[in-house]
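A look at the structure
Here is what each chain is made of, one letter per residue.
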Amino acid sequence: MCGIIGYTGKSDAKDIMLDALELLEYRGYDSAGIALLSKEGTQICKRAGRVKDLRDLCAQKNLVGSCGIGHTRWATHGGVCDENAHPHRFGKVTLIHNGIIENYRELVERYHLQGKLSSETDSEVVAAVLEHFYTGDPYSAIRRTVLKLKGTFALAILFDDQPEKIYAVRNVSPIVAAVTTDGAMLSSDVAAIVPFTADYFVMPEFHVVCLSKDGAQMFDLAGDHVEIEWLKVDWDVSRSSKGGYPFFMEKEIMEQPKVVGDTVLSRIRNGKPDFSKEGVPDHILADCQRICVIACGTAMHAGLVGKSLIQAMIGIHVDVVMASEFMYNDPVVDSDTLVIAISQSGETIDTLEALKFARKCGSPSISVVNVKGASIARASEYVIYTCAGPEIAVASTKAYTTQLAVLYLLTARMAMARGLWSEEETLGYMSELSRVPEVMEKVLSQKDEIHRLAGTIINARDVFMIGRGLDYSILLEGSLKLKEVSYIHSEAYASGELKHGTIALITEDTPVIAVVTQEKLKSKELSNIREVQSRGARVLLLIKEDEKLEDDKRFANVFRLPVMEDAFMVMPASITLQLIAYFVSLDKGLDVDKPRNLAKVVTVE
Ligand code: F6R
């Protein structure tokens, strides 16, 4: 949460930072601000609101400087107001912060800061503590301050008397940094750096980086110089632009055939799933007695699909645990439990903490991550990267389907490693998986019809989504998507559960979306649909295109999905539900890419 940017070099820092903040805005968009350090001193310009509001404010001021830091905020401590926006300044110190300082109240007391702070934030307290320790040596002040902090932080710091220099330090919350042709940059993610260079490094925790126009230097907390490990971005800058679409969400939905294809095809060898490039050894897939998937939100919904696949095809027990709840339910994981952590950003703190815990318990681990070099990828034993490329819309779409793609592959590799499938079965499954991009294209080609269907729920206050088994997992994600981007209350319900209470909420004003894609569940699902129709509900049915319906007139609308084997129907059904959510949000005139109160990367617990 919160986007941070720093630039020092030969160019105008203000413009670079404002452009970068726009790219980082998906990390938080309550308020934004920049600080510029120049011979004239430190100038700060900040306000509640979006980056475009900050741009307007900056235009009214004469801001100059080629060294600066910038921030886009997702409020944690203190409301959304100009004073709480970053950067924060105390004495000679100006900083931006991403994370949460848990002991900030103790620090206020310990350093007698009552009445001296101008915001309600924990971040300003850090600036004050740094100022307390600062006697001209930034490294010493940072070291001494960091040792006093409890919590998570990514800090970028300017000192009034350290011209052209930006200092940074972090714990848990991410910072990447890079050297550009005319200076150096840091950011909370590579999206802001990629327009300038493809080479970057992930700052290790509890190290201090100093950026100057001559490059980057890194030290550990003992003051010893540390070599930087460089990485390369493997997507080009055009992938973080809207490419002619009105919103990133639409662009990212449309990219799915390509990115799912990339994720799958790069891991097929001789027609079989292959993780040798990732170094995932077969024995961890063959030896585990159970699997525990940890993830949040959409990534957790991908995990639920994985659970259905693995339990059905491999016959071992799979738990899917919300990472935010993992630690509070006395988790039972051990060396026989393969832990799979799923995360687009690779920075979700709950998932990261749960993964670290599981590893301490001796569990082998694989993470499924989209962002290269992210903390979760580094914290797990093995990592399988999804090839979604940058996902900028806050609502996850292509990350979800690429996570599913990896789970399909893992299931097949696991079946091979355990000797469960014949060669023919493996090849058949993989060839069906390879059809997913073409099937997705078919759904996308019916975008206009899906747009029309979205119009049938746009005025609803509540929408129910019902299905069983794998269909229910699909709907959990479909319902989350609708809620988050359209603000329509929606619930995914296992259709067999309706009678146990929830059916009381179904009236003629409640649109119901039903997904029926699993042959073995079809008759039960169709009778559950009758039950809601008897209560007046208008039902939009998603069903395979070759399915014969005796009385399709009883449905308000029927959308026909291209046919795949049942286990793969998640793909066409999910993409349809993503488009429904998107069009409802679009037609309501909402800010589709930045739904209220959300942020893309959740780095606070
Ligand atoms: C919803 C959404 C979130 C994320 C969740 C986990 O559209 O994007 O529910 O899936 O915050 O994020 P990652 O995958 O980055 O760990």
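Our structure is the block above this text.
Residues numbered from 1 in each chain as written. Predicted model: local features only at pLDDT ≥ 70, side-chain atom pairs only at ≥ 80, totals over all residues. Heavy atoms only, no water.

**A few points about the environment of Ser123**
Under the convention used in this document: Helix and strand assignments come from DSSP, with helices taken as H or I runs of at least 4 residues and strands as E runs of at least 2, each series counted from the N terminus. Note on definitions: a residue-residue contact is assigned when non-hydrogen atoms from the two residues lie within 4.5 Å. Pairs of N or O atoms are called polar contacts if they sit within 3.5 Å, as long as, within protein, a hydrogen donor faces a hydrogen acceptor (for residues adjacent in sequence, only side-chain-to-side-chain pairs).
Tracing the backbone shows Ser123 in helix α4 (residues 122-133). Expressed as a C-alpha distance, the spacing of Ser123 and His77, which sit 46 residues apart in the sequence, is 8.5 Å. Residues contacting Ser123, with those up to four places away along its chain left out, are His86, His88, Leu95 and His97. Here the side chain of Ser123 touches His97 through a polar contact of 2.8 Å, side chain to side chain. A polar contact of 3.5 Å, which involves the side chain of Ser123, links it to the side chain of Asp122.

**Considerations on the packing of aromatic side chains**
Applied cut-off: Here a Phe, Tyr or Trp ring, Trp counted by its six-membered ring, pairs with any other such ring whose centre lies within 6.5 Å, and the pair is stacked when the planes are under 30 degrees apart, edge-to-face when over 60, and tilted otherwise. Partly exposed residues are those whose accessible area sits between 20% and 50% of the maximum for their type, while under 20% is buried and over 50% is exposed, using a 1.4 Å probe and protein chains only. Think of it as a cone above the ring: NZ of Lys or CZ of Arg counts as a charge over the ring if it is within 6 Å of the ring centre and within 35 degrees of the ring normal.
All chains considered together, the criterion is met by 13 aromatic pairs. Between Tyr139 and Phe219, the aromatic rings sit 4.9 Å apart at their centres with planes inclined by 70 degrees, giving edge-to-face as the arrangement. Of the two residues, Tyr139 sits in helix α5 (residues 138-146) while Phe219 sits in strand β13 (residues 215-220), which places them 80 residues apart along the sequence. Under the relative-accessibility criterion, Phe219 is labelled buried at 14%. Here the aromatic rings of Phe153 and Phe206 are separated by 6.0 Å at their centres, their planes lie at 85 degrees, and the arrangement is edge-to-face. Highlighted residues: Phe153 in strand β7 (residues 151-159) and Phe206 in the loop between β11 (199-202) and β12 (207-212), separated in sequence by 53 residues. For Phe153, a relative accessible area of 0% corresponds to the buried category. Among the aromatic residues, ring-to-ring pairing joins Tyr134, Tyr139, Phe159, Tyr167 and Phe219 into one connected group. The ring of Tyr111 has Arg110 sitting right over it, with the charged end atom 4.9 Å from the ring centre. The ring of Tyr487 carries the charged tip of Arg596 above its face, separated from the ring centre by 3.8 Å.

**Considering helix α14 (residues 423-434)**
Stated formally: Given the number of residues in a helix, its expected span is that number minus one, multiplied by 1.5 Å. The directions from the helix axis to the C-beta atoms form the arc being described.
Taking 1.5 Å per residue as the helical rise, α14 with its 12 residues ought to reach 16 Å, and the 16 Å between its terminal C-alpha atoms agrees with that figure. Residues Thr426, Tyr429, Met430, Glu432 and Leu433 constitute the buried set of α14. One side of α14 carries all its buried residues, which in axial view fall inside an arc of 160 degrees.

**Topic: helix α7 (residues 256-265)**
Counting buried positions along α7 yields seven of 10 residues, so the element is predominantly enclosed. The set of residues buried in α7 consists of Gln256, Pro257, Val259, Val260, Gly261, Thr263 and Val264. In this structure, the buried residues of α7 make contact with α6 (248-254), β15 (268-269), α13 (398-417), α14, α15 (436-444) and α19 (570-587).

**Brief notes about unusual backbone geometry**
The step from His86 to Pro87 runs through a cis peptide bond, and the omega angle for that step is 0 degrees. Checked against the element boundaries, Pro87 lands in the loop between β4 (67-73) and β5 (88-90). Unlike most non-glycine residues, His112 shows phi in positive territory, near 50 degrees. Turning to its location among the elements, His112 is positioned in the loop between α3 (104-110) and α4. Judged by its relative accessible area of 56%, His112 is exposed. Even without glycine at this site, Asn597 takes up a positive phi of about 70 degrees. Its location among the elements puts Asn597 in the segment after α19.

**With respect to empty space enclosed by the protein**
Here is the rule we go by: Note on definitions: the grid is 1 Å and covers protein atoms alone; a cavity is a set of points where a 1.4 Å probe fits but cannot get out; a pocket is an open set with protein on both sides within 12 Å along at least five of seven lines; lining residues have an atom within 4 Å of a point. Grid points are joined across faces, edges and corners, and a volume is the space filled by probe spheres set on the points. Residue type decides the class: Asp, Glu, Lys and Arg count as charged, Ala, Val, Leu, Ile, Met, Phe, Trp, Tyr, Cys and Pro as nonpolar, and the leftover types, Gly among them, as polar.
Within the structure shown, the criterion is met by three cavities of 30 Å³ or more. One number sums up the size of the largest cavity: a volume of about 90 Å³. At the level of secondary structure, the elements contributing two or more residues to the lining of the largest cavity comprise β6 (93-101) and α4. Broken down by element, the residue count for the lining of the largest cavity peaks at three residues, all from β6. Residue composition of the lining of the largest cavity, grouped by class: four nonpolar, eight polar and two charged.

**Focus: the site of the ligand**
Where we set the bar: We call a residue near a molecule or strand when any one of its heavy atoms sits within 4 Å of it.
In the region of the ligand, 13 residues are neighbours, and Ser343, Gln344, Ser345, Thr348 and Glu484 sit closest. Within the backbone of Gln344, a nitrogen or oxygen atom sits 2.7 Å from an oxygen atom of the ligand. Backbone polar atom of Ser396 to an oxygen atom of the ligand: 2.9 Å apart, as the coordinates give it. If you list the elements that add at least two residues to the shell around the ligand, you get α9 (297-313) and α17 (469-486). Looking at side-chain class alone, the shell around the ligand contains four nonpolar, seven polar and two charged residues.

**Some points on the sheet that holds strand β24 (residues 511-516)**
The condition that has to hold: Two strands are counted as paired when DSSP detects at least two bridges linking them. To define axes, lines are fitted to C-alpha atoms, for helices over the stretch in contact only, and angles between the resulting N-to-C directions are given on a 0 to 180 degree scale.
Across the sheet, which stays open at both edges, the five strands sit in the order β23-β22-β24-β25-β26 with parallel pairing between neighbours. A single partner strand is all that each edge strand has here, and the edge strands are β23 (489-494) and β26 (557-561). Within the sheet, the average angular offset between the axes of one strand and its neighbour, ignoring direction, is 20 degrees. As judged from the five bridges shared by strand β25 (residues 538-544) and β26, these two strands associate in the parallel manner. By the bridge assignment, Leu542 is partnered in β26 with Phe559.

**Here we look at the sheet that holds β5**
Ordered in space as β5-β6-β7-β8-β12-β13, the six strands form an open sheet in which the pairing is antiparallel. The sheet terminates laterally at β5 and β13, the two strands that pair on one side only. This sheet shows a mean twist of 25 degrees between the axes of neighbouring strands, independent of strand direction. When β12 meets β13, the two strands line up antiparallel, connected through six bridges. By the bridge assignment, His207 is partnered in β13 with Asp220.

**Some remarks on the pattern of salt bridges**
Our working rule: By salt bridge we mean one thing: a side-chain nitrogen of Lys or Arg within 4 Å of a carboxyl oxygen of Asp or Glu.
Summed over the entire model, instances satisfying the criterion amount to 28 salt bridges. With a shortest N-O distance of 2.7 Å, Asp160 and Arg89 are connected by a salt bridge. You can see Asp160 sitting in the loop between β7 and β8 (166-171) and its partner Arg89 sitting in strand β5, a full 71 residues away along the chain. A relative accessible area of 28% means that Asp160 is categorised as partly exposed.

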